[in-house]
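# A structural walkthrough
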Amino acid sequence: MTTPGVTHFSRSSRLLPQGRARRAALAWALGVAVVLVLAGSRAGLGEAEGRIMEAARRQGAWWVRLPVKPLDSLYAVNATFGPEAGAAALPIASAGVGHALLGGRLPGGEVLGYRLAEVLLAAFLAYVLSRFAADLSGVVAALLAPALFFLSPASLDASLPAGTDLAAAALWLGVLLAHSRGLRSRDHRERIRRATLAGLLFGAAVATRREAWILLPLLAFHYLAVRARGGIRALTAEEEAPRHPAGRSPWRSLVAGLPSSLAAMLVLGPVVFVALTPWTWVDPLRRLAPAAWATLTAPAYASSGGVAAAPPWHAPLLAALLLPPASLTFLYLAGLAHTGRRLVLGWRGEAAASFPEELLLLLGALAPLVLAPLGVTPAGAGVGPALPALAVLSVLGARALATAARAAWPSTAGKLAVAVVLLSLYPPLRATLRTFPHGGAAWGEWVGGAPGAASLGLPRGQAGAGATLLRELSERAAPGQRLWWPRLSPAALDALRRDGRIRADLRLAPSAAEADLALVEHDAARRDLEFQAWTAFETARPVAEAALDEVPLAAVYARPGAWR
Amino acid sequence: MTERRPDPGADEAPPESHPEPTLERTPTWPRRAAQVAVDAAWKDLTDTGRHLLDTGRWKLRGAWSRRPSPAGLAAWGFLIAAALLGAATLLLQTGLAARLPTALDWRAATALLERDYRPGDAVVVSPAWAERARAELPARVPVFALPRYADEPLVGVRRVWVLSLPGVPFARDRIARDIAARASTDGGTQRIGAMAVTRYDLAQPTRAIAWLPDWLASARAKVGDRLCAHDGPRAIVCPGTPVPIAREVREVAGAPRPCLSAQPGSAASGPVSITFTGVPFGLELRGAAGVVGAIPSPGAPPIRFAVQVDGSEVAGLELPGGAPVRRTFAVRTAAMAEEPHTVTVVLSSPDPAGRTVCFDAWTLP
């Protein structure tokens, strides 16, 4: 029996979150997770991910054993945790736990186990992108923001392997969202909740990529700038009056007005970092410097025919600007310009723009772009160092598009936005699908795609392209051949073999001289390895090649008789 | 028009007037009718025009008052720009495929080289990254993929086939210009789909009398005073040295180089020397050396590379510790051309730091 006037929701609809924006965010998170799981089996596997897998194999078992045998685990800390090159604690621990839980329990689940945490973090990033955009500009922006991020071939490529970049972007944006919501909230309990979340995410971010510590001074600067602006300009009626009583000293009022999320980050950040980094439990002082240094380790950087140990200062900026498709870069820049304009309006108090919010967004977008050229961010050839900036720019671009559609044609803003989005986002979608699984090498149209970038001497940027040749290798290698795959870690090779991507009868060789088949990547920084295969096999002619628009990315060389 | 008549109530008589007799006659009725019609039409027209003007002005005023705000105009501008850029991006994406060679183009180029290839020919790809040629062209055709060719010796090459992709974005023709500058004739350019193939005959091909990497099987090597032992025809193993002296293809300054690779001797072990006996000489001895590998070793001391002929040093190079470079040398040997000589290559460094030197040398007639 139903009561008139009362709407009865079905059980399933009660499970769904209330509000269109929240549902959109959840749909994006689920969609991204499904796509990444499906795409993972065809994606590449590079040297950096191999290093993480090697460390994760050691550490995953330790983390799983910790609750069962805590004392034994503590004794094993020194043996298990070393200064891991190129990665920090959280990505390794999460990859290890994922592998310990999933690897071997699911057919083809070895590599997926290592990547499980990455998939979950990508889903989290999609959710945060959508929620942040919804907070700023409603449901249209909520639908757009994740698309602006994940439809860039390079961003999707960075989301697939177990690594630090996507996690850093997700946690960076998560801290900003929690802090922003905490600032806006009038409810004390909600502010505390948001602050706690910001503190936890900040700790996880620092345990992911070291440059995340900058969030703390960044948000402190934001607070001081907003306070200073409040002092310079009279507060408007809508702005919150200071909560401290008159007559209190400026220093005390400064401390009293400190956002609770800053305090939470200061307290919870180190706690989370230490909790996720077991070597700090036993030997923090002696290992701090080597560990911090090791996280900055990166492969050599090749561009314009030259090779360097580290990328030039402008490499991350070029990657952020030129790797995404041209229409996406335009939306990013438009979002940045729109935020700058709103910041000025907010400063003048002329419009509904909020100066604190706009300043926070601008700082969140620009700080990673400033840190990467300074060498604070782990160096890399691709879009990875700038990924946190691209996440914030995606939110800003989505807001700019939604706002423009509303301003241009208020009565049909949604339809107008859809029309423009179809024209703007179809090329990135097409590029993402067409270039997969070589999205890291898919430079944007500004530089003529992968061929134009190669002509200009820009790096190939695609790590792990060799793994895309495994299907052909399995089909055409003669039985019982020895395969040389330089620089890929034993854990990664083992995972590929268990997943059936490397044929079971193929043995692994330690050098080209002892191998019948060699799988090498064309990254110019490692051509010497490829030339060793030429010497060993007495041929420079590959038997199989992975290429993107004629630009070679990886090749298989074979001795006579080893390839059918 | 009405006729004016005298006012009947006026006291004074009007002054007597003497109107001039007029020749005008009262218009005929058709003329009057036409006049009325014209007047009516004119009135109607002016009324309508005035109405139209008023309406237009009112509409314009309304439209101006309802004009988009500057923010609205900016929004329209942004949306139009985003849509146009999206369309342009799509056009660029689809246009790129047409500028790249297809599988059919590669098969046609292969057929061409199968037919016209002669010993002493080599293919040079332009741009240098277009190394798909290695996989597609016949196995017997050597393929060069270097960024510049002005100073390349191209030992043993008499004719060069420049295979270029002219439609590729930012493609430059400097490779073709380098080759053309060294050519006596060119065989014309053939377009094969998105590829262009041009054959050049080199004016002065480099034909070596002796190329030292080929002489490794008969060479002797020492580290300090300790003799090294042969490990097959392509390698020599020295005591206390983890890496053998070998004939290899190695990466030097970003390019593949067939060469002899060896680690220099340290201050403790003494220099590494490799001696080739009975090397025929001509007018010139040339060669090059560079440190192998991609990663620079800043701070490492330089490596000294020296070439001795019959015990006398004729050439010396210093290979710095920074970014890997390839250095060349050339020695006039006209006075030695009559008989074979002994050539010794000496490699030394205070601290080799695990570096390997890749070197080659050849004598020219």
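Quick caveat: nothing in here was measured; it's all calculated off a predicted structure. (Residues numbered from 1 in each chain as written. Chains lettered and ligands numbered in written order. Predicted model: local features only at pLDDT ≥ 70, side-chain atom pairs only at ≥ 80, totals over all residues.)

### Side note on the overall build of chain B
Per the secondary structure count, chain B includes five helices and 19 strands. In terms of overall dimensions, chain B is more spread out than a globule: its C-alpha atoms have a radius of gyration of 46 Å, far above the 21 Å expected for 365 residues. Each of the three principal axes of chain B carries a C-alpha extent, and together these read 160 × 50 × 40 Å. Per-residue burial over chain B gives 32% buried out of 365 residues. Here the contacts in chain B between residues at least 6 apart in sequence split such that 70% fall between residues at least 24 apart. (Helix = DSSP H or I, 4+ residues; strand = E, 2+ residues; numbered from the N terminus. Rg over C-alpha atoms; globule rule 2.2 N^0.38 Å. Buried ≥ 20, exposed ≤ 12 C-beta atoms within 10 Å, placed from the backbone. Contact = placed C-beta atoms within 7 Å.)

### A look at the overall build of chain A
When you go through chain A residue by residue, the secondary structure sums to 24 helices and seven strands. When contacts within chain A are restricted to residue pairs at least 6 apart in sequence, those whose partners lie at least 24 apart make up 76%.

### Focus on the nonpolar core
The nonpolar side chains of soluble globular proteins are, as a tendency, buried together. In this structure, Leu 125, Leu 144 and Leu 173 of chain A are the most contacted members of the largest nonpolar core, which totals 221 residues. The greatest single-element share of this core, amounting to 29 residues, is contributed by helix α7 (residues 109-150) of chain A. Those residues in contact with Leu 144 of chain A, other than ones at most four positions away along the chain, are Ala 133, Ala 398, Leu 401, Ala 402 and Val 421 of chain A. Cys 228, Phe 281, Leu 285 and Cys 358 of chain B belong to the second-largest nonpolar core, a separate cluster that totals 37 residues. (Core = buried A, V, L, I, M, F, W, Y, C linked by C-beta atoms within 7 Å.)

### Some words on the pairing of strand β5 (residues 517-521) of chain A
Residues and elements named next belong to chain A. Burial runs high along β5: five of the five residues are buried. What you see with β5 is no split at all: Leu 517, Leu 519 and Glu 521 on one side and Ala 518 and Val 520 on the other are buried throughout. As paired elements, strand β3 (residues 482-484) and β5 share two bridges and run parallel to each other. From the neighbouring strand, Trp 484 faces β5, where its bridge partner is Ala 518. (Pairing = 2+ DSSP bridges.)

### Remarks on the packing of helix α19 (residues 387-408) of chain A against helix α20 (residues 413-435) of chain A
Residues and elements named next belong to chain A. In the contact formed by α19 and α20, the axes pass within 8 Å of each other and the chain directions differ by 130°. Looking at the two axes, α19 sits oblique to α20. Considering how the two elements wind past one another, α19 and α20 form a crossing that is right-handed. Between α19, through Leu 401, Ala 402, Ala 405, Arg 406 and Ala 408, and α20, the contact on the second element is made entirely by Ala 413, Leu 416, Ala 417, Val 420 and Val 421. Broken down by class, the residue content of the contact of α19 with α20 amounts to nine nonpolar, no polar and one charged. (Axes fitted to C-alpha atoms, helices over the stretch in contact; angles between N-to-C directions. Parallel < 35°, antiparallel > 145°, perpendicular 65-115°, else oblique. Left-handed = near helix turned anticlockwise from the far one by under 90°. Nonpolar A, V, L, I, M, F, W, Y, C, P; charged D, E, K, R; others polar.)

### Overview of the interface of chain B and chain A
Taken together, the contact pairs 44 residues of chain B with 48 residues of chain A. Those elements that place two or more of their residues in the side of chain B that touches chain A are α2 (70-98), α4 (132-136) and β11 (245-252) of chain B. Looking at the side of chain B that touches chain A, the element that brings in the most residues is α2 of chain B, giving 16 residues. The residue inventory of the side of chain B that touches chain A, partitioned by class, reads 32 nonpolar, six polar and six charged.

### Comments concerning the sheet that holds strand β18 (residues 341-348) of chain B
Sheet strands line up and pair through hydrogen bonds in the backbone, either parallel or antiparallel. All names here are of chain B. Strand order in the open sheet formed by six strands is β8-β7-β13-β18-β15-β16, and the pairing between neighbours is antiparallel. Each edge of the open sheet is held by one strand with a lone partner, namely β8 (226-227) and β16 (312-319). In this structure, strand β13 (residues 272-279) lies alongside β18, joined through six bridges in antiparallel fashion. Looking at β18, one finds that Phe 276 is bridged to Val 343.

### Concerning helix α24 (residues 527-537) of chain A
The buried count for α24 of chain A comes to eleven of eleven residues, which makes it a mostly enclosed element. Elements that come into contact with the buried residues of α24 of chain A comprise β5 and β7 (551-558) of chain A together with β11 and β12 (255-262) of chain B. Looking one or two places after α24 of chain A, you find Glu 538 of chain A, whose phi comes out positive at around 55°.

### A look at the pairing of strand β4 (residues 183-192) of chain B
Residues and elements named next belong to chain B. Bridging between β4 and strand β5 (residues 195-202) involves seven bridges; their strand directions are antiparallel. Paired with Thr 185 across the two strands is Asp 201, which belongs to β5. The turn linking β4 back onto β5 is made up of two residues, and Gly 193 within it adopts a positive phi angle of 60°.

### Some points on the confidence of the model for chain B
Residues and elements named next belong to chain B. With 92% of its residues at a pLDDT of 70 or more, chain B shows a mean pLDDT of 87. Ignoring residues within four places in sequence, the model shows residues 1-13, a span with pLDDT below 50, making one contact including any to other chains. Across the interface, the model reports ipTM at 0.85; the global pTM reads 0.84. (pLDDT = per-residue confidence, 0-100.)

### Digging into the packing of α19 of chain A against α2 of chain B
Helix packing geometry: the angle between the two helix axes and the distance between the axes. Packing of α19 of chain A against α2 of chain B leaves a shortest axis separation of 8 Å and a crossing angle of 125°. The angle between α19 of chain A and α2 of chain B falls in the class oblique. Note that α19 of chain A runs across α2 of chain B; the crossing there is left-handed. From α19 of chain A, Ala 404, Ala 405, Ala 407 and Ala 408 of chain A reach across to α2 of chain B, where they touch Ala 71, Gly 72, Ala 75, Trp 76, Phe 78 and Leu 79 of chain B. Along the lines of polarity and charge, the residues of the contact of α19 of chain A with α2 of chain B split into nine nonpolar, one polar and no charged.

### Some words on the sheet that holds β5 of chain A
Residues and elements named next belong to chain A. Spatially, five strands are ordered β4-β3-β5-β7-β6 in an open sheet, and the strand pairing comes out mixed. The open sheet has two edge strands, β4 (507-508) and β6 (544-548), and neither has a second partner. Relative to β4, β3 runs parallel, the two sharing two bridges. Looking at the pairing, Arg 482 lines up with Arg 507 of β4. Strands β5 and β7 of the sheet are contacted by α24, whose axis makes an angle of about 155° with β5.

### Regarding unusual backbone geometry
Here Phe 436 of chain A and Pro 437 of chain A are connected by a cis peptide whose omega angle stands at 5°. With respect to the helices and strands, Pro 437 of chain A occurs in the loop between α20 and α21 (449-456). Along the chain, Ser 126 of chain B connects to Pro 127 of chain B via a cis peptide bond; the corresponding omega equals 5°. Tracing the chain through its elements places Pro 127 of chain B in the loop between β1 (121-126) and α4. A positive phi angle is found at Glu 550 of chain A, which is not glycine, with a value near 80°. Structurally, Glu 550 of chain A is set in the loop between β6 and β7.

### Some details on helix α10 (residues 188-206) of chain A
For α10 of chain A, with 19 residues, the first-to-last C-alpha span of 27 Å sits near the 27 Å given by 1.5 Å per residue. Residues of α10 of chain A that are buried: Arg 194, Ala 195, Leu 197, Ala 198, Gly 199, Leu 200, Leu 201, Phe 202, Gly 203, Ala 204, Ala 205 and Val 206 of chain A. (Expected span 1.5 Å × (residues − 1).)

### Regarding the confidence of the model for chain A
Of the residues in chain A, 89% have a pLDDT of 70 or more, and the chain-wide mean is 86. Within the model, pLDDT remains below 50 along residues 1-9 of chain A, and this stretch shows two contacts once partners closer than five positions in the same chain are excluded.

### A closer look at the environment of Ala 367 of chain A
Inspection of the secondary structure assignment puts Ala 367 of chain A in helix α18 (residues 355-374). With 149 residues separating them in the primary sequence, Ala 367 of chain A and Leu 218 of chain A have C-alpha atoms 8.1 Å apart.

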